[in-house]
Amino acid sequence: MAASAREIRSFRDFLVFIRAELKPKGKLITPFNVISAPVIVLGIILVAYRMVKGLGSVTNLSQEFPWGVWIGFDVMTGVAFAGGAYVLTFVVYMLRSEKYHPIVRATVLNGFLAYVFYAGALVIDLGRPWHIFNPIIGNKFGLYSVLFLVAWHFLLYMTAEFIEISPVFAEWLGWRRVRKILGSLTVGAVIFGITLSTLHQSGLGALFLMAKGKIHPLWYTPFIPILFFISSIFGGLSMVIFEGTISQRVFAHRMDNEHRASHEDIIIGLGKGCAGAMLVYFFLKVLVFIHGKHWPYLVTPWGSWYLIEVVGLVVIPCLLFLRGSIYRNLKIIRVAAVLTMIGIIINRLNYSVIAFKWYVPLPEHYVPHWMEIETTLAIVFAEIWVFRWIVNRMPIFQQPPEWARAVEEEIRFERRLATAQNERPESISEITLSGSSQHVPANRESVPDNP
Amino acid sequence: MDRRSFLKAVSFGIAGLTTSPFAATKRAHAKHSLSDDFVAVLVDTTRCIGCRSCEEACAEAHHLPIPDVSDDSVFEKERQTSTSQLTVVNRYRTEKGEVFVKKQCMHCNEPACAAACLVKAMQKRKEGPVTWQDNCMGCRICMVSCPFDIPKFEYHSWNPRIQKCDFCWERLMRGEEPACVEACPQEALVFGRRKELIEEAKRRIYQNPDKYYHHIYGEHEVGGTGWLYISAVPFEQIGFKTDVGTTAYPEYTKGFLYAVPFVLILWPAFLTAIRSLTKVEEE
Amino acid sequence: MKKKSHERKGDDAVRYVAVIFGICVAILICGRAIVVLPQDAPEVITLDTLSKRYEPVTFPHMLHVDVIESCEECHHAPSGEISACSECHTTPLDPENRSKLGLKGAYHLQCVGCHQDSQSGPTRCADCHQRKDVKSIGTRKLEAR
């Protein structure tokens with residue numbers, strides 16, 4: 001492993017290190033690379049063209065349909081899928097479930113990268129991207145705007161996610177003190193992150209509240225924000241299942257035994273979680289349906305489309321998740337995850353382009369330009385490239401290095417000490433480092449070798 | 001419970017509070033009494049003859065290409081406003097003959113676009129008009145939110161603007177009437193304070209009950225608009241959306257915005273509590 | 001020589017008749033000056049008080065006199081007076097009295113309205129007045145509130 005990571009003492013060392021890390025690990029000519037590289041390059045060209053010639057040059061957006069695939073899929077669906085991060089950190093750090101600990105880093109990394117890349121997609125969708133700083137610097141603060149809230153929460157959430165994932169970078173660079181500081185911030189960042197996620201996942205739905213009359217009544221409801229929030233739970237977890245399944249194969253060489261062994265239990269557990277959330281979601285949908293007296297719509301074509309989405313892509317995967325987790329059948333769970341993800345995509349697209357202006361006949365309805373789809377693919381591939389680069393160099397699917405685990409112990413020790421000092425001063429002497437045979441002083445600079 | 005993490009959690013929550021729109025609470029009710037004084041225009045569609053002088057005058061006042069008003073073929077299709085035409089006149093065939101209707105931004109009392117805009121590029125001025133400013137990011141949420149689908153986006157510009165009627169804001173500041181009002185030969189457009197114009201509209205309907213349909217469009221629609229219409233026929237026959245309701249559109253987001261400060265405070269508290277409750281004491 | 005009495009009576013008679021005749025003529029002349037008859041109407045009126053965007057209108061008044069029976073069809077002043085439109089309809093319109101049209105509205109609603117109702121006569125802008133080459137649009141100041 002990169003023993004040289006341990007000795008970065010100067011900027012020159014840092015450059016040497018980065019240069020070494022930039023070298024590709026693994027084969028350059030793989031089917032994935034061969035397909036994704038030209039897509040990414042073309043995507044960059046198309047984005048440059050869009051910057052010069054305006055949005056209309058690479059999209060099919062129109063005065064009737066101001067939002068298209070870049071918002072409906074990249075931003076909205078992408079953010080829903082990134083919801084696995086806040087759900088999983090809730091389970092691991094709030095409910096203290098060690099069962100899911102092995103996949104936290106991968107999930108948080110994916111969440112962080114997703115937000116970064118989909119914020120990027122948002123930037124190219126803006127008419128004046130350089131003005132994206134306006135709501136941040138106060139030119140001006142649109143305080144009554146839901147989007148203002150969503151924008152700020154995106155920014156703050158990316159910061160929180162970065163703090164959550166940054167211990168990984170500190171481990172990669174071998175920066176012990178930084179690793180300790182960042183490690184102690186994790187819980188706070190998680191709490192912040194879950195709070196922010198609740199608000200911006202629902203906030204993305206709230207963006208449509210003023211599009212009353214433009215969104216088909218089967219989808220429009222004052223409860224859109226709650227529906228978006230709940231669906232982000234099982235959407236995010238389904239993505240974790242999907243991504244975890246692929247990683248098991250593709251990144252097997254970077255996984256330690258603990259990761260490999262825990263995979264099955266984790267997938268089954270996540271399947272149960274999805275099933276539960278989907279049951280809740282389904283009941284909410286039924287409630288909204290009955291409250292709105294939407295029965296007459298069911299016999300229309302739009303009613304059939306609604307049933308496909310709710311029954312075919314929510315109820316059926318929910319039942320499949322239940323079955324798969326009861327019978328411990330990973331395959332069924334994976335199929336359910338894919339169906340669920342398709343359902344989320346369709347749901348978000350319904351709100352933004354399909355059931356939006358549903359009364360506009362199909363020939364004039366928005367259909368994405370191939371360039372929009374191409375750039376979307378380029379963004380997804382680019383994110384996978386970055387994810388792969390990080391996984392191949394940093395402890396994502398493995399235990400952190402010994403010294404990092406020691407740092408975590410120190411953090412825990414100091415916390416217990418602080419609590420004891422507050423609560424039971426007389427029992428300080430009883431506190432020892434649990435399970436550790438090594439005594440690691442708090443201010444030691446050198447670190448043991450990585451096993 | 002660990003004091004440090006509790007304090008951290010609560011301080012994160014309070015830090016988050018500073019971005020919450022508590023200001024939303026004092027917004028809504030003040031406007032209703034202010035709206036009497038907003039500038040407004042009364043459009044009497046029984047007087048409009050479709051001469052399109054208003055379209056010409058608007059184009060001239062805004063340095064946009066001047067439409068050829070002698071070409072009547074434009075009336076064959078219902079037109080929308082565009083990035084180069086901030087107002088258009090449409091023709092409708094009704095039981096009472098041809099009716100011409102001028103279409104432009106309605107300058108709502110409580111505009112959806114201004115509430116939706118995260119940088120206050122769309123702004124309701126205190127005099128009444130709703131105008132667009134240059135700090136716009138081009139996110140187009142105003143287009144998604146407007147019940148009348150008015151804002152139009154310059155998709156083919158690298159530095160796009162949103163184009164819509166601005167109530168001739170600059171002329172108003174110089175003490176002049178909107179260009180379209182001044183140009184109208186039939187006095188189909190009358191400019192004044194909203195309250196007076198509603199009274200004038202009611203007077204016209206009252207004095208000519210057979211001539212007019214008994215409704216002023218814009219008096220209550222979406223909480224009231226600055227452009228008021230009276231007509232000889234029901235409004236759905238002349239291209240108006242009659243299902244927009246009387247609720248001001250920003251009200252629809254109120255529930256969500258009010259929930260924000262509660263989530264920002266309660267969530268960190270609950271989460272910290274859960275974490276502390278699930279703590280396994282180590283000895 | 002002194003006039004005979006019958007000659008004096010004849011002089012009186014002539015005098016009376018002349019006075020009566022004179023009074024009648026006076027009445028006729030004065031009355032005629034007051035009463036307006038169609039043949040008095042001007043042949044053509046040039047309406048040019050509002051010409052910023054368009055050239056002045058050449059209004060064939062006599063043509064309308066021949067076609068329309070009574071003057072009151074157009075000259076609808078409640079006092080019965082036959083006067084020009086601009087006597088009552090101001091420009092700009094009076095914001096205190098919105099029920100009275102401004103001059104431009106009065107012209108157009110009266111003229112074009114009747115043309116539309118009777119389905120004869122020009123109804124398009126260009127039918128009556130030519131476009132000026134418009135570089136700057138004249139403006140009407142808002143009433144100070």
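Residues numbered from 1 in each chain as written. Chains lettered and ligands numbered in written order. Predicted model: local features only at pLDDT ≥ 70, side-chain atom pairs only at ≥ 80, totals over all residues. Heavy atoms only, no water.

**Brief notes about the overall build of chain A**
Along chain A, the regular secondary structure elements total 14 helices and 0 strands. Tracing chain A from N to C terminus, the helices and strands come up as α-α-α-α-α-α-α-α-α-α-α-α-α-α. Scaling as 2.2 N^0.38, a compact globule of 451 residues should have a C-alpha radius of gyration of about 22 Å, and chain A matches this with 24 Å. If you line up chain A on its principal axes, its C-alpha atoms span 70 × 50 × 45 Å. Per-residue burial over chain A gives 56% buried out of 451 residues. Within chain A, contacts between residues separated by at least 24 positions form 79% of all contacts whose residues are at least 6 apart in sequence. (Helix = DSSP H or I, 4+ residues; strand = E, 2+ residues; numbered from the N terminus. Rg over C-alpha atoms; globule rule 2.2 N^0.38 Å. Buried < 20%, exposed > 50% of the residue type's maximum accessible area, 1.4 Å probe, protein only. Contact = heavy atoms within 4.5 Å.)

**Quick word on helix α2 (residues 31–53) of chain A**
An α-helical turn contains 3.6 residues, so any two residues separated by three or four positions project in the same direction. Residues and elements named next belong to chain A. For α2, with 23 residues, the first-to-last C-alpha span of 33 Å sits near the 33 Å given by 1.5 Å per residue. For α2, every residue scored as buried is listed here: Asn33, Ser36, Val39, Ile40, Gly43, Leu46 and Arg50. Tucked inside the fold, the buried residues of α2 contact α3 (69–81), α5 (101–125) and α13 (370–391). Of the residues trailing α2, Gly54 is marked for its positive phi of about 95°. (Expected span 1.5 Å × (residues − 1).)

**Some thoughts on the pairing of strand β2 (residues 88–94) of chain B**
Residues and elements named next belong to chain B. For β2, the buried fraction is high: 5 of the 7 residues fall into the buried class. Relative to strand β3 (residues 97–103), β2 runs antiparallel, the two sharing 7 bridges. The residue of β3 that forms the bridge with Arg93 is Glu98. Counted along the chain from β2 to the antiparallel partner β3, the turn is 2 residues long. (Pairing = 2+ DSSP bridges.)

**Quick notes on the interface of chain A and chain B**
Taken residue by residue, the interface counts 75 residues in chain A and 66 residues in chain B. Where chain A abuts chain B, roughly 6,500 Å² becomes buried across the two surfaces, and 61% of that area is made up of carbon and sulfur atoms. Interface area lost by chain A to chain B is led by Arg128(A), Tyr144(A) and Met210(A), which between them contribute 14%. On inspection of chain A and its partner chain B, the count reaches 4 salt bridges. Note that Arg128(A) and Asp134(B) form a salt bridge whose closest N and O atoms lie 3.3 Å from each other. Viewed at the interface, chain B and chain A are joined by 32 residue pairs in polar contact (both at pLDDT 80 or more). Contributions of two or more residues to the side of chain A that touches chain B are made by α2, α4 (84–94), α6 (134–137), α7 (146–173), α8 (176–206) and α14 (402–423) of chain A. Considering each element in turn, the side of chain A that touches chain B owes the most residues, 13 residues, to α8(A). Residue composition of the side of chain A that touches chain B, by class: 40 nonpolar, 21 polar and 14 charged. (Buried area = accessible area lost by both parts, 1.4 Å probe. Salt bridge = Lys/Arg side-chain N within 4 Å of Asp/Glu carboxyl O. Polar contact = N/O pair within 3.5 Å; in protein donor to acceptor, adjacent residues only side chain to side chain. Nonpolar A, V, L, I, M, F, W, Y, C, P; charged D, E, K, R; others polar.)

**Structural notes on the interface of chain C and chain B**
Many structure descriptions define interface size as the accessible area lost when the parts assemble. Contacts between the two partners involve 25 residues from chain C, matched on the other side by 30 residues from chain B. Around 2,400 Å² of area is buried between chain C and chain B when both sides are counted, 45% of it from carbon and sulfur atoms. Taken together, the connections running from chain C to chain B amount to 1 salt bridge. Among the salt bridges present, the one from Arg124(C) reaches Asp72(B), with a minimum N-O distance of 3.7 Å.

**Brief notes about a nonpolar patch on the surface**
Residue and element names in this part refer to chain A. A cluster of nonpolar side chains, Leu279, Phe283, Leu319, Leu322, Ile326 and Tyr327, forms an exposed patch at the surface whose accessible area comes to about 640 Å². Residue assignment for the nonpolar patch shows that the elements contributing at least two residues are α10 (257–291) and α11 (301–326). Per-element tally for the nonpolar patch: the top contributor is α11, with 3 residues. Residue position: Phe283 is located in helix α10. (Patch = residues over 30% accessible without salt bridge, like charges linked within 9 Å, V, L, I, M, F, W, Y side chains within 5 Å. Areas by Shrake-Rupley, 256 points an atom, 1.4 Å probe, with all protein chains shown as cover.)

**Focus: the packing of aromatic side chains**
The final tally for this structure, using the stated rule, is 38 aromatic pairs over all chains. Ring geometry for Trp358(A) against Tyr359(A): centres 5.6 Å apart, planes inclined by 70°, an arrangement best described as edge-to-face. Assessed through its relative accessible area of 37%, Tyr359(A) is described here as partly exposed. Ring geometry for Phe167(B) versus Trp227(B): centroids 5.9 Å apart, planes at 55°, classification tilted. Here Phe167(B), found in the loop between β7 (162–163) and α6 (169–173), pairs with Trp227(B), found in strand β9 (residues 227–230); they are 60 residues apart in sequence, far enough to count as distant. One exposure class covers both Phe167(B) and Trp227(B), and it is buried. Three or more aromatic residues joined by ring pairs make a cluster, and in this case those are Trp219(A), Phe289(A), Trp295(A), Trp302(A) and Tyr306(A). Here the guanidinium or amino end of Arg348(A) rests over the ring plane of Phe228(A), the centre of that ring lying 3.9 Å away. (Phe/Tyr/Trp six-rings, centres within 6.5 Å; stacked < 30°, edge-to-face > 60°. Lys NZ or Arg CZ within 6 Å of the ring centre and 35° of its normal.)

**As for the sheet that holds strand β8 (residues 189–193) of chain B**
All names here are of chain B. Taken together, 3 strands build an open sheet; the order of strands is β8-β1-β9 and the sheet is mixed. Only two strands of the sheet have a single neighbouring strand rather than two, namely β8 and β9. With direction set aside, neighbouring strand axes in the sheet form an average angle of 25°. Looking at chain direction, strand β1 (residues 39–44) and β8 are connected through 5 bridges and run antiparallel. Pairing of Val39 across the sheet is with Arg193, part of β8. Those strands touched by helix α8 (residues 194–207) are β1, β8 and β9, and its axis lies near 130° from that of β8. (Axes fitted to C-alpha atoms, helices over the stretch in contact; angles between N-to-C directions.)

**Some words on the packing of α3(A) against helix α9 (residues 224–250) of chain A**
Residue and element names in this part refer to chain A. Following both chains from N to C, one finds α3 and α9 inclined at 70°, their axes separated by 6 Å at the closest point. The angle between α3 and α9 falls in the class roughly perpendicular. Of the residues in α9, those in contact with Met76, Ala80 and Phe81 of α3 are Phe228, Ser232, Gly235, Gly236 and Met239. Taken together, the residues of the contact of α3 with α9 break down into 5 nonpolar, 3 polar and no charged. (Parallel < 35°, antiparallel > 145°, perpendicular 65-115°, else oblique.)

**Examining the nonpolar core**
For soluble globular proteins, the rule of thumb is that nonpolar side chains tend to be buried together. Formed by 191 residues in total, the largest nonpolar core has its most connected members in Leu270(A), Phe321(A), Phe148(B), Leu189(B), Trp227(B) and Tyr229(B). No other element matches α7(A), which puts 16 residues into this core. Not counting residues within four places of it along the chain, the set of residues in contact with Phe321(A) comprises Ser238(A), Ile241(A), Gly271(A), Cys274(A), Ala275(A), Met278(A), Ile333(A), Ala336(A), Ala337(A) and Thr340(A). The next biggest cluster of nonpolar side chains, apart from the first, holds 11 residues, and it includes Leu197(B), Ala201(B), Ile205(B) and Ile216(B). (Core = buried A, V, L, I, M, F, W, Y, C linked by side-chain atoms within 4.5 Å.)

**A few points about the environment of Val69(A)**
Residues and elements named next belong to chain A. Mapping Val69 onto the fold places it in helix α3. Owing to a relative accessible area of 10%, Val69 belongs among the buried residues under this scheme. Linking Val69 and Glu372, residues 303 residues apart in sequence, is a C-alpha distance of 6.8 Å. Apart from the residues within four sequence positions on either side, Val69 is in contact with Asp74, Tyr366, Pro368, Glu372 and Thr376.

**Quick look at α7(A)**
All names here are of chain A. For α7, spanning 28 residues, the distance from its first C-alpha to its last is 39 Å, which sits close to the expected 40 Å at 1.5 Å a residue. For α7, the buried fraction is high: 23 of the 28 residues fall into the buried class. At the N-terminal end of α7, a side-chain oxygen is found 3.1 Å from the backbone nitrogen of Leu147, two or three residues along, and the residue is Ser145. Where α7 terminates, the next one or two residues include Gly174, which has phi positive at roughly 75°.

**With respect to the confidence of the model for chain B**
Where the model shows low pLDDT, its predicted coordinates should not be examined in detail. On average, chain B scores 89 in pLDDT, and the residues at 70 or more come to 88%. The low-confidence segment residues 19–31 of chain B (pLDDT under 50) makes 29 contacts with residues lying over four places distant or belonging to another chain. (pLDDT = per-residue confidence, 0-100.)

**Thoughts on the packing of α3(A) against α5(A)**
Residues and elements named next belong to chain A. As a packed pair, α3 and α5 sit with axes 9 Å apart at the nearest point and diverge in direction by 160°. As the angle between them shows, α3 and α5 are arranged roughly antiparallel. In this structure, α3 crosses over α5, and the sense of that crossing is left-handed. Contact residues: Trp70, Ile71, Asp74, Val75, Gly78 and Val79 in α3; Tyr115, Tyr118, Ala121, Leu122, Ile124 and Asp125 in α5. A breakdown of the residues in the contact of α3 with α5 according to their chemical character gives 9 nonpolar, 1 polar and 2 charged. (Left-handed = near helix turned anticlockwise from the far one by under 90°.)

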